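# Results of the structural survey
Residue strings, one per chain:
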Amino acid sequence: MLSKIVIKNYKSYIDFSLDFNQDINIIVGDNEAGKSTLLEAINLVLTCQMNSRHISNEITPYIFNTSIVAEYLESIVAKNPTALPSILIEAYFDDPEKQYSSLKGTNNTLNEDCPGVYLSLEFDSAFEEEYKAYIADEKKITTIPIEYYTFKWMSFSNNSITFRSIPLNSTLIDTSTIKLQNGTDKYVAKIIQDTLEIREKTELSLQYRKLKESFASIPAIEEINTNLNSKKGDITDKTLTISVDISQRSNWDSILTSYLDDVPFDFIGKGEQSSIKMKMALESELEKLSVIMIEEPENHLSYANMNKLISSIKERNVGKQVILTTHSSFILNKLDISKMILLHSNKTVMTFDNLDSETKKFFMKLPGYDTLRIILCKKVILVEGPSDELIVQRAYKDLYKKLPIEDGVDIFCVDALSFKRFLDLSIGLKKPIYVITDNDGDIEKNINQKYEGYIDNDYVNICFDSDEAFQTLEPQLLKANQEDTSILKKIMGHEKYTDNRLVQYMINSKTECALKIFEAKDSIKMPRYIINAIQK
């Protein structure tokens, strides 16, 4: 299987490497983190193709890292030109049975003696004279001269390779767009090619050629050709007829299309198209091992169909390595959160291979939790209920003049059983997490025992008030404003209430009262333990 990828100067990546799981890899990250580019780079080094075309037809200045290009252009302006930027993508293979010795060597940036292949785009020294003339007038240079570039597709043993040399079949499925090529969906066509036996493909090609040859014998076509031939001499001295191309380059796989219940494949729903592509890729019986890359499998799928797809991925991935990107917490949780690879600013930030097994099982059984919010936010705050969440949001807005989410601070309302699981998640991420909780009149039981093993952790902050006489949020709000309770009573709409009656009213109408505080024009003082949790 693919064990590692190294990317240098390709699009958003300058110097990047990533190790892969042998079965499932779930790539997550914020927008512009480099998820799509990663899949594109893997597909490029395994197929020598980009956008379904050979890389020689797709070399543009825009696939080079912009920072590297900018440095090069600055050197030209300074009349101290550096070497032209180059792109390098390396694929390292895990080969325990030593089947691919022809690909084995140390011709890689890590100097590892292992099988692998690399693709490079670099300056072709044959254009040395043309290049010198090109940079003579630095004022005219606005980008790199890709016309002087060449590519190499080589093994780590430093031998040129072909598609047949690659020990892995690879399929890249982008569900965000449905790309068609030559009348049939390229993904389906490729998967059919990979699935059919050689004998079946040969027979299909033969019958397709016979079908085309019989086209000219159709009476209506014969009549048209007779009419064309009657004009011989006006158009050409040779016999002119129309028929179907039967040359080798016109193949069945580029003309035939797939049908579902007699409906052409590209006319069915996008969700059904995406689901079929992915399931066909997973269920193909291949002689080679296979790398299946999927861009956001959740696109176009309903909840039920997404659940079916996840089951297929988990059950059908024997002999197949799945690398997918997603923005769906459901897919991450259900598929296996321990297979997650977090990207941030084109760097590998975190993997969850050491995640506690019970926590992993918890999220797989209850996949509705929005774990990606925790993974992608800058700071995590856990609260016990919706009233707490509203108060914390208002406290943050009063302090910083904006809501916490605008600063990348996410507040989660979770039940009592989930607290420890979210703490494990945040500890695994090495991300500070704050728990805002009531003491419920018994600190030993509700704080010390409940969070045993977490209180002394460097990433965990348990925020509560140590006065057991004020057991919950509502008495704490009254305590924080005890010097002047008039504003709080005004917000509640009960300015004549006594303090005790006001607290009882707030306890009986927790969420309603919290919403009044959140929406109020006037601000109140917030409990110190809440301020401690939200302070930057």
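Everything below is about the structure shown above.
Residues numbered from 1 in each chain as written. Predicted model: local features only at pLDDT ≥ 70, side-chain atom pairs only at ≥ 80, totals over all residues. Heavy atoms only, no water.

## Points about the overall build of the chain
Looking only at helices and strands, one finds 19 helices and 22 strands in the chain. Expressed as a percentage of the 536 residues in the chain, the buried residues total 46%. Here the contacts in the chain between residues at least 6 apart in sequence split such that 74% fall between residues at least 24 apart. Total accessible area computed for the chain in this model is approximately 27600 Å², and 48% of it derives from carbon and sulfur atoms. (Helix = DSSP H or I, 4+ residues; strand = E, 2+ residues; numbered from the N terminus. Buried < 20%, exposed > 50% of the residue type's maximum accessible area, 1.4 Å probe, protein only. Contact = heavy atoms within 4.5 Å. Areas by Shrake-Rupley, 256 points an atom, 1.4 Å probe, with all protein chains shown as cover.)

## Regarding a negative patch on the surface
On the surface, Asp440, Asp442, Glu444 and Glu468 cluster together into a negatively charged patch. Along the chain, Glu468 falls in the loop between strand E22 (460–463) and helix H15 (473–480). (Patch = residues over 30% accessible without salt bridge, like charges linked within 9 Å, V, L, I, M, F, W, Y side chains within 5 Å. Salt bridge = Lys/Arg side-chain N within 4 Å of Asp/Glu carboxyl O. Lys, Arg positive; Asp, Glu negative; His and termini not counted. Charge placed at Lys NZ, Arg CZ, Asp CG, Glu CD.)

## A word on the nonpolar core
A general trend in soluble globular proteins is that nonpolar side chains are found buried together. Counting 53 residues, the largest nonpolar core has Ile5 and Leu38 as the members making the most contacts within it. Considering every element that reaches this core, the biggest residue donor is helix H1 (residues 35–47), with 7 residues. Leaving out residues up to four positions away in the same chain, Ile5 has contacts with Phe16, Ser17, Leu18, Phe20, Leu38, Ile42, Val45, Ile89, Glu90 and Ala91. In this structure, Ile292, Phe362, Tyr369 and Val435 belong to the second largest nonpolar core, which totals 44 residues. (Core = buried A, V, L, I, M, F, W, Y, C linked by side-chain atoms within 4.5 Å.)

## Brief notes about the pattern of salt bridges
This structure, assessed with the given rule, holds 18 salt bridges. Lys8 is the partner of Asp15 in a salt bridge, and the nearest nitrogen-oxygen pair spans 2.7 Å. Of the residues examined, Asp15 reaches a relative accessible area of 58% and is grouped as exposed. Residue Lys8 is classed as partly exposed on the basis of its relative accessible area, which comes to 21%. Each of the salt bridges in this network shares a partner with another, and the network as a whole consists of Asp465, Asp467 and Lys479.

## So, helix H8 (residues 303–315)
Each α-helix winds once per 3.6 residues, and so residues spaced three or four apart point in a common direction. Here H8 spans 19 Å end to end across 13 residues, near enough to the 18 Å set by a 1.5 Å rise per residue. Looking only at H8, the buried set comprises Met306, Leu309, Ile310, Ser312 and Ile313. The buried side chains of H8 occupy one side of the element, clustering within an arc of 160° when seen end-on. Exposed side of H8, more than 90 degrees from the buried face: Lys308 and Glu315 are the residues found there. (Expected span 1.5 Å × (residues − 1). Arc of directions from axis to C-beta.)

## Observations concerning the packing of aromatic side chains
By the definition in use, this model includes 10 aromatic pairs. With a centroid separation of 5.2 Å and 65° between ring planes, the pair formed by Phe64 and Tyr149 is classed as edge-to-face. A residue pair is termed long-range when its members are at least 10 positions apart, and Phe64 in the loop between strand E5 (53–54) and helix H2 (66–77) and Tyr149 in strand E9 (residues 149–155) qualify at 85 residues. A cation over an aromatic ring shows up here: Arg373 above the ring of Phe412, its NZ or CZ 4.3 Å from the ring centre. Lys379 extends its terminal NZ or CZ atom over the ring of Tyr434, reaching a point 4.4 Å from the ring centre. (Phe/Tyr/Trp six-rings, centres within 6.5 Å; stacked < 30°, edge-to-face > 60°. Lys NZ or Arg CZ within 6 Å of the ring centre and 35° of its normal.)

## Thoughts on the pairing of strand E6 (residues 87–93)
Within E6, 7 of the 7 residues are buried, which leaves the element mostly enclosed by the surrounding structure. Going residue by residue along E6, you find Ile87, Ile89, Ala91 and Phe93 tucked away on one face and Leu88, Glu90 and Tyr92 tucked away on the opposite face as well. As paired strands, strand E1 (residues 2–8) and E6 are joined by 6 bridges and run antiparallel to one another. Each bridged residue has a counterpart across the sheet, and for Ile7 the counterpart in E6 is Ile89. Inspection of the sheet shows E6 paired to strand E8 (residues 114–123) by 6 bridges, in the antiparallel sense. When the bridges of E8 are listed, Leu88 appears paired with Ser120. (Pairing = 2+ DSSP bridges.)

## Some points on the environment of Asp467
For Asp467, the location among the structural elements is in the loop between E22 and H15. By relative accessible area, Asp467 is classed as partly exposed at 29%. Sequence spacing of Asp467 and Gly441 is 26 residues, and the spatial spacing of their C-alpha atoms is 8.0 Å. Contacts of Asp467, omitting those with residues within four sequence positions, involve Asn439, Gln476 and Lys479.

Any functional reading would require information beyond the geometric quantities listed.
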